[in-house]
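Here is how the chains run, residue by residue.
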Amino acid sequence: MINKIESLWESFQKEVTPLDKQADVLNLKAKYIGKKGLISEVMKGLRDASVEEKKLIGPKSNEVKKNIETSIQDKLKDIQISEMNEKLKKEKIDFSLRDSNLDLGLNSGGIHPVHQIQRSIEDIFLSMGFEVLDGPHIETEHYNFEALNIPETHPARDMQDTFWFKDKAHLLRTHTSTIQIRGMEERKAPFAFVGPGKVFRCERIDATHESCFHQLEGMMVGENINTGHLIYFMKTLLKEIFQKDMEVRLRPGYFPFVEPGFELDIRWKKPDPKDEEARHSGWLELLPCGMVHPNVLKAGGVDPDKYTGFAFGLGLDRLVMVNYKMDDIRYLHKGDLRFNSQFSHF
Ligand code: FA5
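Our subject in this report is the structure included herewith. Note that the structure is predicted; figures quoted are calculated from it, not measured.

**Things to note about the environment of Ala-299**
Structurally, Ala-299 can be placed in helix α10 (residues 294-299). For the pair formed by Ala-299 and His-142, sequence separation is 157 residues and the distance between their alpha carbons is 9.9 Å. Setting aside residues no more than four positions away along its own chain, Ala-299 makes contact with Ala-147, Ile-181 and Glu-185.

Given below as structure tokens:
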């Protein structure tokens, strides 16, 4: 077997040398070290080998695999460089120019403020032991409504105007709460995760409403999780974002998937565009949340007699508005470079 492995290494070297296309190199990689590649085929014979042989063959095959991997990477790099040189010759474009622009800070891109805030919130929750999950934009009625305790006849379906697909079975998700169900299905309690992303609603657009905006869902499930935990995590989140203790209040709020449900408001000063000094204080509705309804736990495969949990759904675009004292949400996604470039240094 050792001989076979060594001869595979030799034939690989012969085959890789003349290649000049990335696709061919990747095919060769699969041929030798893919799941069903030649090395794996040879390794099948390991079962019948003696203990002494096994001790030699294992490290040898690892060494050859490593050599093949390194040689593939080197080859791919060489091909990339020669393709770029070829292009330079043909198109007479100086690719290095872009880098020098970046050095000068000209035309450089930046991270959109919504994504900046999303990333910082993800970091806050990661540091508290939460996972970060993703979910599809195109959803089924089951994940968007049914499993969230919103049956077809329930009036709560009217609260969110939905973009439906023609098949009437699929839709653009109207909230990130869909991630709650998908997250529960994939893990065993206890768990905690957040799920950020785009959501879509057939809304009349105005200064605080967009039809495509961003939410960040959060969920914690375990034994004896209660409203105290919910308030603790929400206050910690707000303190980290605003870098100070925030005054909050909980009001009753209705969402079919939580019981009890709350609206968490923060005390804030509303910006007055006319007079910088004349600000007026108030409460801003920021964070709907609550204790997960037993039906929702059941739909996600969690035993509601043993576990409880809290969930929340944060509107990221509105949070950006508060953070930067913006008076109109529409600036955020208009694509006006004069607006966007203000954030490009991040
Ligand atoms: C929900 O979407 C619930 N899924 C949130 C939730 C999760 C409640 C878990 C309880 C437990 P709501 O429709 O209120 O709730 O939207 C949540 C947040 O999204 C709002 O507080 C607001 O910040 C933001 N939001 C809602 N509609 C818009 C819109 N059209 N444009 C911009 N932001 C919006």
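Now that the structure has been shown, we can carry on.
**What to know about the site of the ligand**
In the vicinity of the ligand there are 24 residues, among which His-175, Ser-177, Arg-201, Glu-203 and Glu-210 approach most closely. Contacts to the ligand include Ser-177, whose side-chain N or O atom sits 2.8 Å from a nitrogen atom. The separation between a nitrogen atom of the ligand and a polar main-chain atom of Glu-210 is 2.9 Å. When the free accessible area of the ligand is taken as 680 Å², the share hidden by the protein chains comes to 94%. Taken together, the elements giving at least two residues each to the shell around the ligand come down to β5 (212-222), β8 (280-292) and β9 (308-315). Among the elements that take part in the shell around the ligand, β9 stands out by supplying 4 residues, more than any other. Classifying every residue of the shell around the ligand by side-chain character gives 10 nonpolar, 9 polar and 5 charged.

**Description of helix α6 (residues 113-127)**
In a regular helix each residue adds 1.5 Å, so 15 residues correspond to 21 Å; α6 covers 21 Å between its end C-alpha atoms and thus fits that length. Every buried residue belonging to α6 is among Pro-113, Val-114, Gln-116, Ile-117, Gln-118, Ile-121, Glu-122, Ile-124 and Phe-125, and all of these are buried. Looking at the buried side of α6, the elements it contacts are β1 (131-132), β4 (191-200), β5, α9 (227-242), β9 and α11 (316-323). Downstream of α6 by a residue or two, Gly-129 has a phi angle that is positive, lying close to 90°.

**Thoughts on the packing of α6 against α9**
Running from N to C, α6 and α9 cross one another at 130°; their axes reach a closest spacing of 10 Å. The orientation of α6 with respect to α9, classified from their angle, is oblique. When you trace α6 past α9, the crossing you get is right-handed. Between α6 and α9, the residues in contact are Ile-121, Ile-124 and Phe-125 and Leu-237, Glu-240 and Ile-241, respectively. Of the residues in the contact of α6 with α9, the class split is 5 nonpolar, no polar and 1 charged.

**A short note on helix α2 (residues 22-33)**
Here α2 spans 16 Å end to end across 12 residues, near enough to the 16 Å set by a 1.5 Å rise per residue. On its buried side, α2 packs onto α1 (2-16), α3 (38-43) and α4 (51-91).

**Considering the pattern of salt bridges**
Tallying each qualifying case throughout the model produces 13 salt bridges. Among the ionic pairs, Lys-60 bridges to Glu-6, the shortest N-O distance being 3.5 Å. Of this pair, Lys-60 sits in helix α4 while Glu-6 sits in helix α1; the two residues are 54 residues apart in sequence, bridging distant segments of the chain. Taking the shortest distance from any N to any O, the salt bridge between Glu-41 and Lys-44 comes out at 3.1 Å. Classification of Lys-44 as partly exposed rests on a relative accessible area of 45%.

How each quantity is defined
Numbers given for residues are sequential positions, taken from 1 along each chain in its written order. Reporting of local features is limited, given that this is a predicted model, to residues whose pLDDT is at least 70; pairs of side-chain atoms are given and counted only at 80 or more, and all residues count toward the totals for whole chains, interfaces and linings. Water and hydrogen atoms were dropped before computing side-chain values, which therefore reflect all heavy atoms in the structure. Helix and strand labels come from DSSP, where a helix needs a run of H or I of at least four residues and a strand needs a run of E of at least two; each type is numbered from the N terminus. Here, residues are in contact when the closest pair of their heavy atoms is within 4.5 Å. Throughout, the term near means that a residue has one or more heavy atoms lying within 4 Å of the molecule or strand in question. Under the rule applied, a polar contact is a pair of N or O atoms within 3.5 Å (in protein, one hydrogen donor and one hydrogen acceptor; residues adjacent in sequence only if both atoms are side-chain atoms). All accessibility values rest on the Shrake-Rupley procedure with a 1.4 Å probe; residue burial counts only the protein chains present in the view. As a working rule, the residues Ala, Val, Leu, Ile, Met, Phe, Trp, Tyr, Cys and Pro are called nonpolar, Asp, Glu, Lys and Arg charged, and the rest polar, with Gly in that last group. In this scheme, a helix's expected span is set at 1.5 Å multiplied by one less than its residue total. For every residue, the accessible area obtained with a 1.4 Å probe (protein chains only) is divided by the maximum for its type, and the residue is called buried under 20%, exposed over 50%, and partly exposed between those limits. Axis definition: a line fit to C-alpha positions, over the contact stretch in the case of helices; interaxial angles, taken between N-to-C directions, run 0 to 180 degrees. Here the word oblique covers every angle except those under 35 degrees (roughly parallel), over 145 (roughly antiparallel) and from 65 to 115 (roughly perpendicular). Here is the rule for handedness: rotate from the far helix to the near one, and if that takes an anticlockwise turn smaller than a right angle the crossing is left-handed, while a clockwise turn gives right-handed. The rule for a salt bridge is simple: a side-chain nitrogen of Lys or Arg has to be within 4 Å of a carboxyl oxygen of Asp or Glu.

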